[in-house]
Amino acid sequence: MNSLNSASTLETHLETQTVIYPTLQYLVRFLPWNGKRVFDHLREESKHNPFIIENSNFHNSEALLDDIKPNWYSPIAQELSLSKHLFGQISALSIPSRQREALTYLTQWLSNSGYLEETPEVWADGSIWSAKELEAVVPILQSLDPPGIGTRSLQECLLLQLQDQPESLAFLLVKNYLEEIANCIGNTSESKHNCQILLQKLHQNIDVDIDKITDAIHEIQELEPRPARNFGGSDAPIVTPDLKVELIAGSWQISLAYEVKQRFCLNSEAIKLFQESPKSRRDTQQLEALLQKARNLLTALQQWQENLLKVGKFLVERQQAFLQSRDKLDLVSTPQQLVAQSVGLSNSTVSRIVRGRYILVCNQKSRIIPLHSLCVPVGVGGGTPQQIQQMLIQLIAEESPTNPYTDEQLAQLLKIRFCLPITRRTVTKYRKIAGIKSSHHRKLTDKKMGSKSRKQESFLKYQS
């Protein structure tokens, strides 16, 4: 009797495995994919599986667009992207391989105009390079074509293009009087008056007249203020958001941006024909396998969308304040482990869901943010890294100009003022990330500028 029960249990177990395991296999495959890739996979599968059909009742703008495309339609070839243009030059440089890799990595921080964004500390965060290593390859980047690439400001961009004329009036004007020459452009009485004021300033150092100033301004105007202007967009893949959030009755509500499940269903007519038509044993086995695969795929698709919504809903509910203010200081610590425990999924599943996935934030000029940006790691004492940096900014802004706080004193103040247990080493780490100098350098800086200016400089560095 016991042996019969054991055999029955084993048989049931094996039967369950054959039904459930393929579904889980498909689900694991779908998890890191965005909606468009899943849709393309299901559409391709439907071409070979008669039991999966695209829902004819589902219409959207993409389908309508397909209908009006003429047979001769083909998109215009994309221009050479800036990244490809730079990579070709970088590969030809005679520099160590580590420098070449760092230089290639640094290009991702270029803006659409060709300027380097963020600070060396931000570039280095999460990479295999230090801030000093990345800072060291900036001059190499700036030596590449187009002229002015990799600079941090308009002034630096123009000066780089004039570096072969360091004694010229144009170089002098850009270096010392960039705002003044902007006010001199035009034929209005105001611009002519501003030009006379600039002439008086220049007369104190060099012999110059209005005509020379005008010629120098024309020379500056012929420079390129946006070095990346003449290149195509980045060859990075187009971002396709899977989720969208809308502000409804004062609360952010989440939904799927691309509902793939509604696009596909089981082909009831094919199933009916399969059940009623006589067929050979071999044909029956093949068709049954296709029918089971169709069911597994659609079940996995349903679970994929449910898991995506679970994670998205939890993160949006946690980050309501941030979605409203768009201020990173309003982000709530939400590590992936907490998300996994709260929604009843494994850490690996949550990691696959948030990686490379995006949310469309409506009501805010349709901005798109990475889903992983809402999974903020826990900092010291439960605060986020941004909040800890802001606390340091606040304390340093209040310190005595002649006796600035050391990192050890800042650690003590954080414990007393904000109930934040933190070590001196951790304070040093967050201070450097925020771009704040050590107490010794802040004291030296204070001798050259007033207390108010010093505090503003500290705050602006943090903001940048």
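Counting of residues starts from 1 at the beginning of each chain's written sequence and follows it residue by residue. Note on the predicted model: pLDDT of at least 70 is required for a residue's local features to be given, and 80 or more for side-chain atom pairs to be given and counted; whole-chain, interface and lining totals, by contrast, use all residues. Side-chain measures here rest on the full set of heavy atoms in the structure, leaving out hydrogens and waters.

On to the state of the cysteines, then. The term disulfide is used for any two cysteine sulfur atoms that are within 2.5 Å. Throughout the structure, instances matching the rule amount to zero disulfides. Here Cys184 is not disulfide-linked; the sulfur of Cys195 is the nearest cysteine sulfur, at 4.2 Å. For Cys184, a relative accessible area of 8% corresponds to the buried category. Using a 1.4 Å probe on the protein chains alone, a residue whose accessible area is under 20% of its type maximum counts as buried, one over 50% counts as exposed, and one in between counts as partly exposed.

As a further point, take the sheet that holds strand 6 (residues 367-370). One bridge is not enough; two strands pair if DSSP finds at least two bridges between them. Secondary structure follows DSSP: runs of H or I at least 4 residues long count as helices, runs of E at least 2 residues long count as strands, and numbering of each begins at the N terminus. Strand order in the open sheet formed by four strands is 3-2-5-6, and the pairing between neighbours is mixed. The sheet is open, and its two borders are formed by strand 3 (251-256) and strand 6, each paired with just one other strand. Taking the axes of each pair of neighbouring strands and ignoring which way they run, one obtains an average angle of 30° across the sheet. Inspection of the sheet shows strand 2 (residues 243-248) paired to strand 3 by six bridges, in the antiparallel sense. Along strand 3, the bridge assignment pairs Leu247 with Trp252. Fitted lines through C-alpha atoms give the axes, limited to the stretch in contact for helices. The angle between two N-to-C directions lies from 0 to 180 degrees.

Further remarks concern the packing of helix 19 (residues 385-397) against helix 20 (residues 407-418). Interaxial distance between helix 19 and helix 20 falls to 11 Å at its minimum, and their mutual angle equals 105°. The orientation of helix 19 with respect to helix 20, classified from their angle, is roughly perpendicular. Contact residues: helix 19 offers Met391, Leu392, Gln394, Leu395 and Ile396, while helix 20 offers Leu410, Leu413, Leu414, Arg417 and Phe418. Oblique is the label for any angle not under 35 degrees, not over 145, and not in the 65 to 115 range, which are roughly parallel, roughly antiparallel and roughly perpendicular in turn. Contacts are assigned to residue pairs that have any heavy atoms within 4.5 Å of one another.

Looking now at unusual backbone geometry. Here the amide bond leading from Asp145 into Pro146 is cis, since omega sits at 5°, within 30 degrees of zero. Checked against the element boundaries, Pro146 lands in the loop between helix 8 (138-142) and helix 9 (154-161). At Glu118, a residue that is not glycine, the phi angle is positive and equals roughly 70°. When you line up the elements, Glu118 lands in the loop between helix 5 (97-106) and helix 6 (120-124). With relative accessibility at 40%, the residue Glu118 sits in the partly exposed group.

With that out of the way, let us pick up helix 4 (residues 82-91). All of the buried residues in helix 4 are Leu82, Ser83, His85, Leu86 and Ile90. Within helix 4, the buried residues cover an arc of 160° as seen down the axis, which keeps them to one side. This arc corresponds to the set of directions leading from the helix axis out to the C-beta atoms.

A few words now on the nonpolar core. Put simply, a nonpolar core is a bunch of buried Ala, Val, Leu, Ile, Met, Phe, Trp, Tyr and Cys residues held in one set by side-chain atoms that sit within 4.5 Å of each other. By size, the foremost hydrophobic cluster in this structure holds 50 residues, and its most contacted members are Phe30, Trp304, Val311 and Ile359. Counting 22 residues, the second largest nonpolar core, distinct from the first, contains Leu82, Tyr105, Leu134 and Leu144.

Attention now goes to the confidence of the model for the protein chain. Per-residue confidence for the protein chain averages 78 on the pLDDT scale, and 82% of its residues sit at or above 70. Predictor confidence is given residue by residue as pLDDT, running from a minimum of 0 to a maximum of 100. Element-level pLDDT for the protein chain is lowest in helix 3 (residues 61-68), with a mean of 34, against a maximum mean of 94 in helix 8. Here residues 58-78 is modelled with pLDDT under 50, and outside its nearest four sequence neighbours on either side it reaches six contacts, counting other chains as well.

With that out of the way, let us pick up a negative patch on the surface. Here the term patch refers to residues with relative accessible area over 30% and no salt bridge, with like charges joined within 9 Å and nonpolar side chains (Val, Leu, Ile, Met, Phe, Trp, Tyr) within 5 Å. Accessible areas in this description were obtained via Shrake-Rupley with a 1.4 Å probe; residue shielding takes into account the shown protein chains only. Take a side-chain nitrogen of Lys or Arg and a carboxyl oxygen of Asp or Glu: if they are within 4 Å of each other, that pair is a salt bridge. Charged residues are defined narrowly, with Lys and Arg counted positive, Asp and Glu counted negative, and His plus the chain ends left uncounted. Here the site of a charge means atom NZ of a Lys, CZ of an Arg, CG of an Asp or CD of a Glu. Together, Asp207, Asp209, Asp211 and Asp215 make up a negatively charged patch on the protein surface. With respect to the helices and strands, the residue Asp209 is situated in the loop between helix 12 (189-203) and helix 13 (210-221). A relative accessible area of 35% means that Asp209 is categorised as partly exposed.

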